[in-house]
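# Coordinates in review
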Amino acid sequence: MRQFIVGAAFACGLAFAGIANAGEVGVGIGAHDVDLWKQECCFESGQNLEVHYRSDPLKVDRGLGIWRLWALGSVNSDGGTNFVAGGIQRRFWEDKKVYAQLSVGLGVHDGPDEDYQKTPDRIYFGSPVLIASEAAAGVNLNDNWSGEVAYFHMSHAGLAGDQNPGLDVVSVRLIRKF
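Starting from 1, residues in each chain are numbered consecutively following that chain's sequence as written. Given that this is a predicted model, residues contribute local features only at a pLDDT of at least 70 and side-chain atom pairs are listed and counted only at 80 or more, while totals for whole chains, interfaces and linings are drawn from all residues. Where side-chain values are given, they derive from all heavy atoms of the structure, hydrogens and water being excluded.

### So, the pairing of strand β4 (residues 83-92)
Side chains on a regular strand alternate between the two faces of the sheet. Formally: Here, a strand pair is defined by DSSP locating no fewer than two bridges between the strands. Per the convention used, a helix needs a DSSP run of H or I reaching at least four residues, while a strand needs a run of E reaching at least two, with both numbered from the N terminus.
Here strand β3 (residues 66-76) pairs with β4 via nine bridges, running antiparallel. Note that in β4 the partner of alanine 71 across the bridge is glycine 86. What sits between the antiparallel neighbours β3 and β4 is a turn of six residues, in which glycine 79 has the positive phi angle 80°. As judged from the 10 bridges shared by β4 and strand β5 (residues 98-109), these two strands associate in the antiparallel manner.

### Brief notes about the packing of aromatic side chains
So the rule is basically this: Centres within 6.5 Å make a pair out of two Phe, Tyr or Trp rings, where for Trp the six-membered ring is used; the pair is then stacked when the planes are under 30 degrees apart, edge-to-face when over 60, and tilted otherwise. Categorising residues by exposure relies on relative accessible area from a 1.4 Å probe, with only protein chains included: less than 20% of the type maximum marks a residue as buried, more than 50% marks it as exposed, and the intermediate range marks it as partly exposed.
On inspection of all chains with the given rule, the structure shows two aromatic pairs. With 5.1 Å between their ring centres and 5° between their planes, phenylalanine 83 and phenylalanine 152 make a pair best called stacked. Here phenylalanine 83, found in strand β4, pairs with phenylalanine 152, found in strand β7 (residues 145-155); they are 69 residues apart in sequence, far enough to count as distant. Given a relative accessible area of 1%, phenylalanine 83 falls into the buried group.

Here you go:
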């Protein structure tokens, strides 16, 4: 729980400190703990309410595309795992009608972090800090708005032991560009 509070405070601080320079902010709703090819799945239910923050593009182009910092906060509607995550994001085809982006970073959660599955109604992550990754596709609706569909995954990738069910979320989002 302490790690989640520290992570949430960090994400809020990042968002409030950078909101004036935000490249994008958004909201989304996601299906929580979906079954997309995992051996262990669907311990938790409900929807996730998401808040997104993305920085202005970083000045690291050199032919490598558009890079941003990102942060995501998510609250589960059924009392399941809540989390915050953040890291770096690479966007492809920024100036086209349709774009794609890949993100990687770290996440912290308020779910159990024991390294074995105790009950069938919670995800036991095996670690309080997890690797967060995401793939998204978006449509530029106009100069100020875009819509996205995304697949988000958070787990320790087997680095903290055999217990690694992870969390998969599929979401839709509305993004405001500044």
